[in-house]
Amino acid sequence: MTAGALGRRHFLALATGAAVTAAVPRRARATERPLRGGVLKQIGLEPLTFDVHATASCETQLVSSLVRRTLFKVAHGARYRPSDFTLAPDLALNALVSADGRTYTITLRPDVRWESRPPVNGRELVAADVKHSLERALRKSPYAPLLGPVERIDAPDRRTVRVHLADSFAPFVHSLAEPWSAIMPPEVEDRPGDLKATESLIGCGPFMLERYEPGVKAVFSRNPTYHARDLPYLDKVEWLFIKDRPMQLALFRAGQVDLPYHDARVPRSEVSALRRASPGFPVTSWDGLAVRSLAMRTDRPPFNDVRVRRALSLAVNRKTWVAEHLEGEGAEDHGPVPSAMRQWTLAARHLGEGARYLEHDPALARKLLAAAGFTAGLKVKCTNWPGYGPEYVADLERLARDLRRVGVELQIVNEEHGQYIRGSFLGRFDETSWGPSSIFTEVDGYLYSALRSGQAGNRSHVADAQLDVMLEAQRRIISTSARKQIIDEIQRRAAAQVYYVYTPYPRTVSSWAPRVRNYGPKNSFDRGAQLEVVWLDQA
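Residues numbered from 1 in each chain as written. Predicted model: local features only at pLDDT ≥ 70, side-chain atom pairs only at ≥ 80, totals over all residues. Heavy atoms only, no water.

## Looking at the environment of lysine 140
Here comes step 1: Following the sequence through the fold, lysine 140 ends up in helix H3 (residues 127-140).
Here comes step 2: Lysine 140 has contacts with His53 and Ala54, leaving out every residue within four places of it along the chain. (Helix = DSSP H or I, 4+ residues; strand = E, 2+ residues; numbered from the N terminus. Contact = heavy atoms within 4.5 Å.)

## Quick look at the pairing of strand E9 (residues 217-222)
Here comes step 1: The element E9 is extensively covered by neighbouring structure, given that five of its six residues are classed as buried.
Here comes step 2: Of the pairings in the sheet, the one linking strand E8 (residues 207-213) to E9 comprises six bridges and is antiparallel in character. From the neighbouring strand, tyrosine 212 faces E9, where its bridge partner is alanine 218.
Here comes step 3: The loop that links E8 with its antiparallel partner E9 comprises three residues; one of these, glycine 215, has a positive phi angle of about 80 degrees.
Here comes step 4: One ladder, built from five bridges, connects E9 with strand E10 (residues 236-240); its direction is antiparallel. When the bridges of E10 are listed, serine 221 appears paired with lysine 236. (Buried < 20%, exposed > 50% of the residue type's maximum accessible area, 1.4 Å probe, protein only. Pairing = 2+ DSSP bridges.)

## Brief notes about helix H10 (residues 362-371)
Here comes step 1: Where H10 is concerned, the buried positions are Ala365, Leu368 and Leu369. The arc that holds every buried residue of H10, seen down its axis, measures 100 degrees, which confines them to one face.
Here comes step 2: Among the structural elements, helix H8 (306-315), strand E14 (378-384) and strand E15 (408-414) are those in contact with the buried residues of H10.
Here comes step 3: The positive-phi residue at the C-terminal boundary of H10 is glycine 373, with phi of around 100 degrees. (Arc of directions from axis to C-beta.)

## Remarks on the confidence of the model for the protein chain
Here comes step 1: Predicted confidence across the protein chain gives a mean pLDDT of 91, with 93% of residues reaching 70 or more.
Here comes step 2: For residues 1-31, every residue scores under 50 in pLDDT, and the model assigns this stretch 57 contacts once sequence neighbours within four places are set aside. (pLDDT = per-residue confidence, 0-100.)

## Re the sheet that holds E14
Here comes step 1: Ordered in space as E15-E14-E16-E12-E17, the five strands form an open sheet in which the pairing is mixed. Both outer strands of the open sheet, E15 and strand E17 (500-503), are each paired with one neighbouring strand and no more. Neighbour-to-neighbour, the strand axes of this sheet turn through a mean angle of 25 degrees, independent of strand direction. (Axes fitted to C-alpha atoms, helices over the stretch in contact; angles between N-to-C directions.)

## Observations concerning the environment of threonine 105
Here comes step 1: On the secondary structure map, threonine 105 appears in strand E5 (residues 103-108).
Here comes step 2: The exposure class of threonine 105 is partly exposed, given its relative accessible area of 22%.
Here comes step 3: Along the chain, threonine 105 and leucine 125 lie 20 residues apart, while their C-alpha atoms are 17 Å from each other.

## Here's the deal with the packing of aromatic side chains
Here comes step 1: Considering all chains together, one arrives at 15 aromatic pairs under this definition.
Here comes step 2: With centroids separated by 6.0 Å and ring planes inclined at 70 degrees, the aromatic side chains of tyrosine 212 and phenylalanine 241 adopt a geometry described as edge-to-face. You can see tyrosine 212 sitting in strand E8 and its partner phenylalanine 241 sitting in the loop between E10 and helix H6 (245-253), a full 29 residues away along the chain.
Here comes step 3: Classification of tyrosine 212 as partly exposed rests on a relative accessible area of 22%.
Here comes step 4: When its relative accessible area of 9% is taken as the criterion, phenylalanine 241 is described as buried.
Here comes step 5: Measuring from centroid to centroid gives 6.2 Å for tyrosine 420 and phenylalanine 425, while their planes differ by 55 degrees, and the two rings are tilted.
Here comes step 6: The class of phenylalanine 425 is buried, set by a relative accessible area of 10%.
Here comes step 7: Of the aromatic side chains, those joined through ring pairs into one cluster are Trp385, Tyr388, Tyr392, Tyr420, Phe425 and Trp434.
Here comes step 8: The ring of tyrosine 448 is capped by arginine 475, whose NZ or CZ atom sits 3.4 Å from the centre of that ring. (Phe/Tyr/Trp six-rings, centres within 6.5 Å; stacked < 30°, edge-to-face > 60°. Lys NZ or Arg CZ within 6 Å of the ring centre and 35° of its normal.)

So this is what it looks like as structure tokens:
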């Protein structure tokens, strides 16, 4: 079977409804039916900008997704696992790919309208809107390369969009389901003149922005003209900008908020107390998809010396980290592909030479540092944003202790959020930086962004011609088995060269108020798709 034929079969399945049912919420019991109404109160994150095309910020993606929608979406609801990335149509009905894999013909829903307020005034969503938005994302988004080698986009009629690629691109439709590729009306950009402004948050999603109080909250109300006529079930979502973690948890335990964080997480240290105080609250642990790593300026001394990079990796006691500090509830996460992405991640024992540098061997680490000219050790600055929480801060300190034992002094530099997102998160730091990656629904997001030379997400400034060839090749292959062979080799090469030092990642523990129904944790920033299928038991 050709790559084109395989792709066409997959997307015809979307068109005929095999995946359309993915958006229908589960009914846990025959007597449990979705209820309309109510206000869901959620601790959220305040975005620095509302321009979802021009930032890598998860805060912007989360808020934007409630109002703006994408051509496809990942299925949400209690019956879907956190890393189940079943695709469902959203603003599009289907996407058909040509036999050579280079042209996608996307048919839009006929019943989608923008919000009933200026400057769009409830007009119909048309192909020109999609063309404008995708072209804008290609120009502005740090994630633009994840849309593949787009040559041009046509809008031959009001409901058809045709995307022409220079070559076949396996992850294309998955990228159309990411919140950073949201569709926006051109008038919004033209009229306010600044998509960073609150006034630009106009869309055709399940909710509309009703009120925004900087530093306090954003209130979203049900969109009465949303194309999914029965959704959302909620009347409103209050997205509360409360930064203090103890206050977040106190409000949650007191029943003043329904979700204690944007992904409902609670600190591991609080789980026992929560179970005692609130025995009726659901509590679940799940594997997140962000990988945590120490990024290094591999284009500069001393990190352009592989011996130094290998020494840093050998200093990390991953097994003890997980067993003792994470109580066994975590993954050693030894590479760019998170362990929860089981279809693609390569077990450490299959990494070849690279497996050696994942072992804990302080003696070899000191030997490598000495061979590189650092017999007395070295001091390096490490930028980070501590706002991810106290457990994140504790893990960074744990990494620093491991490195100190081999003579490497990690001088931690805390940055404010805007500085970190615009700088260190995109590789703009002097020596090292530690933190989580973004999360993606397709493996290419983890590989291409972090390892391909010249990419904004390439925080370690990797420039490896051999990797570049493999990274481009895996994108062109539709066959999963053939593609995996290349992705395995990418992981082996990355492990041997140690372009990043990957640190263990704890399992996420989430909880929510018992009245919140059909909620399931999800490795996605698409809160719009997640919350549109949630309802409240108001008994």
